[in-house]
Amino acid sequence: MLIRILVLLATVVLLTMGRFLLTHTDKPFMMLHPENNQTLGKIVKFFGIIFCVLAVFSAIAIFIPNIFFVTTIMVISCIMLLVMELMLLTFLTK
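The structure contained in this document is the topic of the report that follows. All of these numbers come straight from a predicted model, not from anything done at the bench.

1. With respect to a nonpolar patch on the surface
Now for step 1: A surface patch of nonpolar side chains, about 540 Å² in accessible area, is lined by Leu22, Ile49, Val53, Val56, Phe57, Ile60 and Ile64.
Now for step 2: Broken down by element, the nonpolar patch gets its largest block of residues, five residues, from helix 2 (residues 38–63).
Now for step 3: On the secondary structure map, Val56 appears in helix 2.

2. Focus on the environment of Ile76
Now for step 1: For Ile76, the location among the structural elements is in helix 3 (residues 67–89).
Now for step 2: Spatially, the C-alpha atom of Ile76 lies 8.3 Å from that of Leu54, the residues being 22 residues apart in sequence.

3. A short note on the side chain of Ser77
Now for step 1: Assignment of secondary structure puts Ser77 in helix 3.
Now for step 2: Residue classification places Ser77 among the buried residues on the basis of a relative accessible area of 4%.
Now for step 3: Each residue touching Ser77, except ones within four places of it in the same chain, is listed here: Leu14 and Leu54.

4. Brief notes about the nonpolar core
For soluble globular proteins, the rule of thumb is that nonpolar side chains tend to be buried together.
Now for step 1: One finds Leu21, Val44, Phe47, Phe51, Met84 and Leu88 to be the most contacted residues of the largest nonpolar core, which totals 14 residues.
Now for step 2: Contributing elements (two or more residues each) for this core: helix 1 (2–23), helix 2 and helix 3.
Now for step 3: Ranked by residue count, the leading element in this core is helix 2, at seven residues.
Now for step 4: Residues within four places of Met84 in sequence aside, it is in contact with Met17, Leu21, Phe47 and Phe51.

Procedures and definitions
Along each chain, residue indices are assigned from 1 in the same order as the chain's sequence is written. Totals for whole chains, interfaces and linings use all residues, but because this is a predicted model, local features are given only for residues with pLDDT of at least 70 and pairs of side-chain atoms are given and counted only at 80 or more. Water and hydrogen atoms were dropped before computing side-chain values, which therefore reflect all heavy atoms in the structure. For patch building, the residue pool is restricted to those with more than 30% relative accessible area and no salt bridge; the joining distance is 9 Å between like charges and 5 Å between nonpolar side chains (Val, Leu, Ile, Met, Phe, Trp, Tyr). The Shrake-Rupley method, run with a 1.4 Å probe sphere, supplies the accessible areas, and residue values consider only the shown protein chains as cover. Put simply, a salt bridge is a Lys or Arg side-chain nitrogen that is within 4 Å of an Asp or Glu carboxyl oxygen. By the criteria applied, helices consist of DSSP H or I runs no shorter than four residues and strands consist of E runs no shorter than two, each listed in order from the N terminus. Burial here depends on accessible area, computed with a 1.4 Å probe over protein chains only, as a share of the maximum for the residue type. Under 20% is buried, over 50% is exposed, and the range in between is partly exposed. Here, two residues are considered to be in contact whenever any of their heavy atoms come within 4.5 Å of each other. Buried Ala, Val, Leu, Ile, Met, Phe, Trp, Tyr and Cys residues that are joined via side-chain atoms within 4.5 Å together make up what is termed a nonpolar core.

Given below as structure tokens:
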């Protein structure tokens with residue numbers, strides 16, 4: 001039961017991040033300006049879509065009692081969050 005609650009929390013976080021990234025493909029956020037850099041805009045849109053898809057899979061994982069599926073989705077989500085952060089780090093102005 002606790003795992004389902006934690007996966008629900010992760011689903012909300014993933015959906016919120018995905019929605020935020022998709023709505024900020026043409027607006028500045030966190031010292032990043034995707035409206036000025038086409039590559040950054042594409043990266044932000046890509047990760048927004050990825051996080052929304054992962055949110056859907058994690059929502060499905062709440063109702064499927066397969067611990068392997070839940071673990072796989074959570075590990076992939078963590079890896080994609082790390083990759084996104086490292087990619088966006090290269091676009092920060094110094």
